Structures are given as structure tokens and as C-alpha cells.
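The primary structure of each chain is shown beneath.
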Amino acid sequence: MDLALLALLAALVTALCQSVTDLGTKAATRTADDRAILATQWCAGALLLIFACFVSYPALLNAPRETLASLTKPDFWTLLIWSGALNVVAYVFYIRAFRLSDASLVAPLVLLTPVLMLFTSPIMTGEHAPPMGVFGVLFTVLGVGLLDVDQESGRRFNFHVFARDKGARMMMGTAVIWSVTANIDKLGVRASTPLVWITALTIVISLCALLYWFAGRRAAPRVFALRHAIAAGSAMAFGNTLQMWALTVLFTPYVIAIKRLSALFTVLASGHVLKEETGGRLLGSAVMLAGAVMIALARG
């Protein structure tokens, strides 16, 4: 199979994993607090990835320092610190967004990330987009207006979601941070390997999440109450690993745009799995996705 086609398939599976993470996170907010969910998701992912690393690089068991030095470049650690710090904040916003709002409303807002990457990618990775990307931006903005249709007045375009919905504002903050960390991931993979990068990043985030949890001085919830968070964290770890590999083959915006298919999957599934009222959000998500794809194609 062609390597680029395989990378596209990996990005698509990443989208499915992200949708499972979205749904699992929303379900987890009904049984556990935000700090416990954050720590559980990332610790579950870290355990899986550490095992995968030892299987892929057995020398890490006998000579961890020397092996790690041979697999990484000098700027690896700086990139890791920046990405870890930013991702902790992003995922605090992410979980909070799902607690405050419907998954079908906030999940599509991550489709703003490719729009924001039109500004961050040229600075961070040197990837530029021609004018066609502007049309992608217009479609994405149009889709945002369709997400929150006013059912009472029948108004088709409504941008009040950011003014009245705190969950939407939280997810917007996540999208802004992810437009930066997606580029750091690209640089981090270049400075190591996909598996080493995502494992190290997941460990850093999980340690920060544990500190954040312990700082709250809250009793540990039962494992059963965290079952959805464990499933979400496992799916996230697998999807992120595939994403890191896809970044070594495809342009960053390509991978991110395909990954954002998860928003469409989440909206489709939220009505059945979470029993949410999706309304016209499917149309808004589809229009936003079209914009994200146009932005990705513009970079081809």
C-alpha cells in the first residue's frame, strides 16, 4: 500500500479514536469530577504507551539513558516541556467544555484549529497556504454560525454561542492552544520518533494531571465511576500514536483536517449514545469540515 494512503488511513482512524474520546469524556463528566477524569485519561494512556515503547525499543529496559539519547535530538526536551504545559491547559478546558455543554455543540468547535493554523504553521513549521485557504476559513466560520441555530426565532445563522455558552468558549480556548501544539508535535516527531514523542508527552501530561488532582485534595472515586475516562484515555493514546506517525508522512494541516472528522462522528453519535438533541448541528459540523478540508487542500 502507498505510504501516503496508509498515512491517510491512520489519520482517519485517529478521527474515530478522537470521537470515542469525546463521547467517553462527556459520559465521564456525569460520574466523576474534572481533575479525576484528566488524571485517569492520561495515566491510562501513559501505561499503554510505556508498554508499547518497551516492546518497540527493548534496549530502553537495559540502557534507558543511552537509548533515549540515541532516539532524540537536543531540542526534544524543550519541545516536550512546551507541549506538555500547553496541553495540560488545553485538556482542562476540553473536559470543562464537555461538562458545561452538549458534546454535539462543543466538539465541532475544534474544527477552528485548521483555521488558526493558517497563522501558526507558517511561523512554526514554515508551511504556507495559498489563497484557497481563505475560502476554507469562510466555510468554517459559516459552519460555526449554523451550529447554534435559534429554534424559536427560526434564525439560521447564530453566532451568539460564544457569548452565552461557557462550554463553547472553553472549547475555543482548546482550539487556540491546539493550533500551536499541533505544530510542536510536528517538530517533536522530527526530533525523535512518533512513538517516543507521544509516549514522553503523555507521561509529562499524566504527571501534571496527577499533581493537579492531588492539589484538589479530593477522595479518589471508584474505578467503576471512571470507566468512561479509562476508555477515553485508551482511545486517545492509540489515536495520538497514529497521528504522530501520520505527521511524518503528510503535511500537518492534512493530518489535523482529517482528524477533525471526529467532530462529525461525535455529532452523529451523540444523539444516539448520549441522547442529546443535535438539531441543526450536523449541518454546521459538515460545513465546518468542508472548510477544514479546503484549508488542507490549499496546502497541497
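All values reported here derive from a predicted model rather than from experimental measurement.

Criteria and cut-off values
- Residues numbered from 1 in each chain as written.
- Predicted model: local features only at pLDDT ≥ 70, side-chain atom pairs only at ≥ 80, totals over all residues.
- Heavy atoms only, no water.
- Core = buried A, V, L, I, M, F, W, Y, C linked by side-chain atoms within 4.5 Å.
- Buried < 20%, exposed > 50% of the residue type's maximum accessible area, 1.4 Å probe, protein only.
- Helix = DSSP H or I, 4+ residues; strand = E, 2+ residues; numbered from the N terminus.
- Contact = heavy atoms within 4.5 Å.
- Polar contact = N/O pair within 3.5 Å; in protein donor to acceptor, adjacent residues only side chain to side chain.
- Salt bridge = Lys/Arg side-chain N within 4 Å of Asp/Glu carboxyl O.
- Phe/Tyr/Trp six-rings, centres within 6.5 Å; stacked < 30°, edge-to-face > 60°.

*Asks:* Could you give an account of the nonpolar core, naming the residues involved and the relevant values?
*Replies:* If you look at the biggest cluster of nonpolar residues, it comprises 66 residues, and the most contacted ones within it are Phe 76, Tyr 91, Tyr 94, Phe 98, Met 171 and Trp 197. Residue contributions to this core peak at ten residues, all from helix α5 (residues 76–100). With residues near it in sequence (within four places) discarded, Phe 76 still touches Gly 188, Ala 191, Ser 192, Val 196, Trp 197 and Ala 200.

*Asks:* How would you explain the side chain of Thr 14 if you had to name every residue and give the values?
*Replies:* With respect to the helices and strands, Thr 14 occurs in helix α1 (residues 3–28). In this structure the side chain of Thr 14 is engaged in a polar contact, spanning 3.5 Å, whose partner is the backbone nitrogen of Gln 243. Dropping the residues within four chain positions of it, Thr 14 is found in contact with Gly 239, Leu 242, Gln 243 and Lys 259.

*Asks:* Provide a residue-level description of the pattern of salt bridges, including the pertinent values.
*Replies:* By the definition in use, this model includes two salt bridges. The residue Arg 96 makes a salt bridge to Asp 34 at a minimum N-O spacing of 3.5 Å. Of the two residues, Arg 96 is situated in helix α5 and Asp 34 in helix α2 (residues 34–56); the sequence distance between them amounts to 62 residues. With relative accessibility at 30%, the residue Arg 96 sits in the partly exposed group.

*Asks:* Pulling in residues and values, what's your account of the packing of aromatic side chains?
*Replies:* Overall, the coordinates contain eight aromatic pairs when judged by the stated rule. Where Tyr 94 meets Trp 178, the ring centres are 5.8 Å apart and the plane angle is 45°; that geometry is what we call tilted. With Tyr 94 in helix α5 and Trp 178 in helix α10 (residues 166–190), this pair connects stretches of sequence that are 84 residues apart. We classify Tyr 94 as buried; its relative accessible area is 1%.

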